[in-house]
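Observations on the three-dimensional arrangement
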Amino acid sequence: MSALTVASAPEDALALEAAEAHQARTAGELAGRVALLTTAAGTDPSAAERVRAGLAAFCDREVLPYAAAKEAVLYPAARTMPDARLLIVSLVAEHRCLAALVDALREAEAPADAVADARALQVLFEEHIAKENGLVLPLLAMAPGVSLAALLTRLHDRLPSAGTPRQPEPETNTEPETPKKAGGCGGACGCGGAREEADVPELDVRAVPHSLRHASVLGALDAVPAGGAMVLLASHDPLPLLARIEDRHPGVFTVEYLERGPETWRLRLGHR
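Presented here is a report on the structure given in the accompanying data block.

Reading the values: the criteria
Residues numbered from 1 in each chain as written. Predicted model: local features only at pLDDT ≥ 70, side-chain atom pairs only at ≥ 80, totals over all residues. Heavy atoms only, no water. Helix = DSSP H or I, 4+ residues; strand = E, 2+ residues; numbered from the N terminus. Buried < 20%, exposed > 50% of the residue type's maximum accessible area, 1.4 Å probe, protein only. Contact = heavy atoms within 4.5 Å. Areas by Shrake-Rupley, 256 points an atom, 1.4 Å probe, with all protein chains shown as cover. Core = buried A, V, L, I, M, F, W, Y, C linked by side-chain atoms within 4.5 Å. Pairing = 2+ DSSP bridges. Axes fitted to C-alpha atoms, helices over the stretch in contact; angles between N-to-C directions. Parallel < 35°, antiparallel > 145°, perpendicular 65-115°, else oblique. Nonpolar A, V, L, I, M, F, W, Y, C, P; charged D, E, K, R; others polar. Phe/Tyr/Trp six-rings, centres within 6.5 Å; stacked < 30°, edge-to-face > 60°. Lys NZ or Arg CZ within 6 Å of the ring centre and 35° of its normal. Salt bridge = Lys/Arg side-chain N within 4 Å of Asp/Glu carboxyl O. Left-handed = near helix turned anticlockwise from the far one by under 90°. 1 Å grid on protein atoms, 1.4 Å probe; cavity = no way out; pocket = protein on both sides within 12 Å on 5 of 7 lines; lining within 4 Å. Points joined across faces, edges and corners; volume = space filled by probe spheres on them.

**Focus: the overall build of the chain**
Within the chain, the secondary structure is distributed over 8 helices and 4 strands. Per-residue burial for the chain yields a buried fraction of 49% across its 272 residues. Put simply, of all contacts in the chain between residues at least 6 apart along the chain, 74% involve residues at least 24 apart. Of the roughly 13000 Å² of accessible surface on the chain, a fraction of 56% belongs to carbon and sulfur atoms.

What follows is the structure, given as structure tokens:
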């Protein structure tokens, strides 16, 4: 929880944390789907078409309805604040750009065009929610006479049930036992036991803010289909994260270490 939320009412602080967690999960799943599309575009055009359609449907289901609900509920309240008025104008314009990119993605005729549209969509969305999480939501949480919790409840009431944010889960420092590998040595000894990962999308979380890493990975994993996989790059052995994945998806994902530090850890997360 950020320092800005400490001064707010407890219910507003919790509401802000839930909203930030929801946006982080959405960004994470978007990043995972874009990574899957990028990989498929270079290896299997038919698979790329399925991923493209799934990404467009995800945006229609999650990204765009949430944007419309924010314009109807959150933005009018923020627009009354002199410090936020011009920011809200720019955020509304970004919503139009997001919608245009989703339309372009939906109508893309070539895999390369779909990848370009998807990457632009991802970059814009991540910058967009950074402004909302870092500026708009804290301003509303601190504003006298404004209940962020009530606003977010009204916002959620405008969404289909699939768009309702999950409550944030507490971080844990408990170190579970090292997960069993799916097979081979994980590439550590050069014996060839590691799987060929050329066609598996990678998600590098080393540059993601620490407070958003777990949510981003959990969201990205939602985009991995059964029988598929994702390679995770981290700056340390992510044992607490693996525990959260197992807690959320018991027995669903296998874990195979491809690289064990000291600077980079690469893990293959396979969907059974």
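**Thoughts on the nonpolar core**
With 27 residues, the main nonpolar core has Leu-74, Ile-88, Val-136, Leu-140, Leu-148, Leu-152 and Leu-155 as its most contacted residues. Where this core is concerned, the elements lending two or more residues are α1 (10–41), α2 (45–72), α3 (74–79), α4 (85–107), α5 (111–142) and α6 (148–157). Broken down by element, this core gets its largest block of residues, 5 residues, from α6. Ignoring sequence-local partners within four residues, the contact set of Ile-88 consists of Tyr-75, Ala-78, Arg-79 and Val-136. If you look at the next biggest cluster of nonpolar residues, it comprises 24 residues, including Val-34, Leu-55, Val-115 and Ala-118.

**A closer look at the sheet that holds strand β3 (residues 253–260)**
The strand order across the open sheet built from 4 strands is β1-β2-β4-β3, with neighbouring strands paired in mixed fashion. Both outer strands of the open sheet, β1 (202–204) and β3, are each paired with one neighbouring strand and no more. The sheet shows a mean angle of 20° between the axes of neighbouring strands, direction not considered. Where helix α7 (residues 210–221) meets the sheet, its contacts fall on β1, β2 (229–234), β3 and β4 (265–271), and the angle it forms with β2 comes to roughly 165°.

**Points about the packing of α1 against α5**
Where α1 contacts α5, the two axes come as close as 10 Å, and the packing angle between them is 170°. Here α1 lies roughly antiparallel to α5, going by the angle between them. Broken down by class, the residue content of the contact of α1 with α5 amounts to 18 nonpolar, 5 polar and 5 charged.

**Brief notes about the environment of Ala-150**
Inspection of the secondary structure assignment puts Ala-150 in helix α6. Separated by 139 residues in the primary sequence, Ala-150 and Glu-11 have C-alpha atoms spaced 9.1 Å apart.

**Observations regarding the packing of aromatic side chains**
Following the criterion strictly, the structure yields 1 aromatic pair and no others. Both rings, one in Tyr-257 and one in Trp-265, keep their centres 6.3 Å apart while their planes meet at 75°; by these two values the pair is edge-to-face. Summarising the burial analysis for this pair, Tyr-257 and Trp-265 share the class buried. Between the NZ or CZ atom of Arg-260 and the centre of the ring of Tyr-257, over which it lies, the distance is 3.8 Å.

**Describing the pattern of salt bridges**
Evaluated as defined, the whole model comprises 11 salt bridges. Residue Arg-61 is joined to Glu-62 by a salt bridge in which the shortest nitrogen-to-oxygen separation is 3.8 Å. Here Glu-71 ties to Arg-96 by a salt bridge, and the two come within 2.7 Å at their closest N and O atoms. With Glu-71 in helix α2 and Arg-96 in helix α4, this pair connects stretches of sequence that are 25 residues apart. We classify Arg-96 as partly exposed; its relative accessible area is 48%.

**Overview of the packing of α1 against α2**
Closest axis-to-axis distance for the α1/α2 pair is 9 Å, and the angle between their directions is 160°. The orientation of α1 with respect to α2, classified from their angle, is roughly antiparallel. In this structure, α1 crosses over α2, and the sense of that crossing is left-handed.

**A few points about the layout of surface pockets**
Of the volumes computed, that of the second largest pocket is approximately 340 Å³. Where the lining of the second largest pocket is concerned, the elements lending two or more residues are α1 and α2. The greatest single-element share of the lining of the second largest pocket, amounting to 5 residues, is contributed by α2. Looking at the lining of the second largest pocket residue by residue, the class counts come to 10 nonpolar, 5 polar and 4 charged.

**Some words on the pairing of β4**
Working note: regular strand, side chains alternate between the two faces of the sheet. Burial runs high along β4: 6 of the 7 residues are buried. Pairing analysis gives 7 bridges linking β3 to β4, with the strands arranged antiparallel. If you follow Thr-254 over to β4, its bridge partner there is Gly-270. In this antiparallel pair of consecutive strands, β3 and β4, the connection spans 4 residues, and Gly-261 shows a positive phi of 70°.

**Regarding the environment of Asp-44**
The residue Asp-44 is located in the loop between α1 and α2 in this model. C-alpha separation for the pair Asp-44 and Pro-111, spaced 67 residues apart in sequence, amounts to 9.5 Å.

From the geometry alone we can't say anything about function, so treat these as descriptive.
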